[in-house]
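Overview (structure and organization)
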2 protein chains.
Amino acid sequence: MTRWKITIEYDGGGFVGWQRQENGLSVQQTLEQAVRRFAREDVSLIAAGRTDSGVHALGQVAHFDMERQTDAATVRDALNYHCRPHPVAVLSAEAVDADFHARFAAKSRHYLYRILNRHTPPILDAGRVWHVTARLDAAAMHEAAQALIGKHDFSSFRAAACQADSPVKTLDALDVARVGAEIHLTVSARSFLHNQVRILTGTLKLVGEGKWDRDDPRRALEARDRTAAGPTAPAVGLYLTQVGY
Amino acid sequence: MTRWKITIEYDGGGFVGWQRQENGLSVQQTLEQAVRRFAREDVSLIAAGRTDSGVHALGQVAHFDMERQTDAATVRDALNYHCRPHPVAVLSAEAVDADFHARFAAKSRHYLYRILNRHTPPILDAGRVWHVTARLDAAAMHEAAQALIGKHDFSSFRAAACQADSPVKTLDALDVARVGAEIHLTVSARSFLHNQVRILTGTLKLVGEGKWDRDDPRRALEARDRTAAGPTAPAVGLYLTQVGY
């Protein structure tokens, strides 16, 4: 029995999310089926981040245990072969110690949120960005974001469905920058609450379009009340970029 | 009568190319139909670059003459409305002097070629990059490219079907750099021969994978013979990014 750590890219638009659901195909199911077709074994994949429907991944990490003895390149290539034609692929596979755990051993999770900030809807990046037509002030968004860094009760930035025991999380970085016609939010923490990055994005967008002052996101944080923060930004612009161990 | 200059984005994968063809939908036809639906006028669009089938544009420029009097924002929005659901959109429209000519007045054309250089096929960038699995040496490609800068007879880098009167062109810039898992070639000239950027890319790729020495692209140039250069890189990775006037 070998424990395999795999790094995964997927187009979230093609799935109901990471986790198995009754109502459609999940990334987890697609990969578990690929393992079954390759090794004729039923395995359970555990991921670092259980991304919601529509959320993309450039560097999701998951682990599973497999009896079949083989090498890392074969695991990567066989899973990619059997995942087709679904929009998911294994970037790398690595045999790890039996006590490695993709979810509990993760020391950092990194997300990118892409906003296309122009009048015309996306063409080449359709399905890859949140389209916002109002001109956003990235510097104001960045400044407002800095008051949210650190260890806080993030109840205001947490979905009602969030199952975390505690609303206290430590935000390590939250940077906002303009990149051509896009606004990029890059966010890092050991772990996140459900929808936290999307609510942070939806809130900072209010600052960017001048509807909120730069101090308002901090006030929303202090309210510890979901209704005090901004709306949840759509899944389409969110990417799980990297997981650190 | 007003002459309109429009800047256009499109996904080349959805068209037979810029120019009207018998065998499918072109970008030109899509936009001309949009003008007809909006203004009930038959117009002819002239573009800065007649991109081939599959080639994308982030900043193609075209002009046309229209009787209907209206403002620039309306031209942009009306054309976008009537182009749907095809993957083409007008980023901006501008009323210009009657002697403006999108093709003949262009002083510089800028292209980007994106190679995804990793083992695993593209997922999020499927249809947007050329997938090359052999590890490419971007520095070697860049060095080899510098010998091609300047005014030369580019017969070696010209498709057999090229209709240009002369094979002599002036290459202003040809830079190759690694950007994460991608190799980006950025190319600038006043004008290009048919398939010139794609043959330059296919030739420099041979240097990148070590099959050719850094001096070989210069030798291929000096041969003035298409068979002396490398293969034509696929259209899927090529973008017309900008046109200068």
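Before reading on, note that the structure itself is shown above.
So, here's what we can say about the structure.

Rules of the game
- Once a new chain begins, its residue numbering starts again from 1 and follows that chain's sequence as written.
- Chains and ligands are labelled sequentially in the order written, the chains with letters from A and the ligands with numbers from 1.
- For a predicted model such as this one, the threshold for reporting local features is a pLDDT of at least 70, and the threshold for listing and counting side-chain atom pairs is 80 or more; totals across whole chains, interfaces and linings nevertheless cover every residue.
- Based on all heavy atoms of the structure, the side-chain values leave hydrogens and waters out of the count.
- Between buried and exposed lies partly exposed: a residue is buried under 20% and exposed over 50% of the maximum accessible area for its type, with that area taken using a 1.4 Å probe on protein chains only.
- Strands are runs of DSSP state E lasting at least 2 residues, helices are runs of H or I lasting at least 4, and numbering of each runs from the N terminus.
- The pairing criterion is simple: DSSP has to find at least two bridges between the two strands.
- Definition used for salt bridges: Asp or Glu carboxyl oxygen within 4 Å of a side-chain nitrogen of Lys or Arg.
- Each polar contact in these results corresponds to two N or O atoms within 3.5 Å; when the atoms are within protein, one needs to be able to donate a hydrogen and the other to accept it, and residues that are neighboring in sequence are counted only if both atoms are side-chain atoms.
- What makes two residues a contact is simply this: any of their non-hydrogen atoms within 4.5 Å.
- Accessible area that two parts lose when put together, with a 1.4 Å probe and added across both, is what the buried area reports.

1. Quick notes on the pairing of strand 5 (residues 108-116) of chain A
Residue and element names in this part refer to chain A.
- In terms of residue burial, strand 5 counts as a mostly covered element, since eight of its nine residues are buried.
- In this sheet, strand 10 (residues 238-244) lies alongside strand 5 in antiparallel orientation, the contact comprising six bridges. Residue pairing for strand 10: Ser108 is matched across the bridge by Gly244.
- Judged from the eight bridges that link them, strand 5 and strand 9 (residues 182-189) form a sheet pairing that is antiparallel. Residue pairing across strands places Leu116 opposite Glu182, the latter belonging to strand 9.
- One ladder, built from two bridges, connects strand 5 with strand 6 (residues 130-131); its direction is parallel. Pairing of Leu116 across the sheet is with His131, part of strand 6.

2. Some details on the pattern of salt bridges
- As enumerated under the stated definition, the model contains 33 salt bridges over all chains in all.
- One salt bridge connects Asp52(A) with Arg198(A), and the closest N-O pair in it is separated by 3.7 Å. With a gap of 146 residues between them, Asp52(A) in the loop between strand 2 (46-47) and strand 3 (56-66) and Arg198(A) in helix 4 (residues 196-208) connect regions that are remote in the sequence.
- A relative accessible area of 26% means that Asp52(A) is categorised as partly exposed.
- Taking the relative accessible area as the measure of exposure, Arg198(A) reaches 14% and is therefore buried.
- Ionic pairing is found between Lys211(B) and Glu209(B), a salt bridge with its closest N-O pair at 3.7 Å.

3. A word on the side chain of Ser156(B)
Residues and elements named next belong to chain B.
- The residue Ser156 is located in the loop between strand 7 (150-153) and strand 8 (168-179) in this model.
- Polar contacts involving the side chain of Ser156 include one to the main-chain amide nitrogen of Arg224, which spans 3.1 Å.
- A polar side-chain atom of Ser156 sits 2.8 Å from the main-chain amide nitrogen of Asp225.
- Not counting residues within four places of it along the chain, the set of residues in contact with Ser156 comprises Ile199, Ala220, Leu221, Ala223, Arg224, Asp225, Arg226 and Ala229.

4. Overview of the interface of chain A and chain B
- Taken together, the 22 residues of chain A in the interface contact 22 residues of chain B.
- Both faces considered, chain A and chain B share a buried interface measuring about 1600 Å² in area, 59% of it formed by carbon and sulfur atoms.
- Arg118(B) is paired through a salt bridge with Glu9(A); the nearest N and O atoms lie 2.7 Å apart.
- Our count for the contact surface shared by chain A and chain B stands at 14 residue pairs in polar contact (both at pLDDT 80 or more).
- Elements supplying a minimum of two residues to the side of chain A that touches chain B: strand 1 (2-10), strand 3, helix 2 (72-83) and strand 4 (88-96) of chain A.

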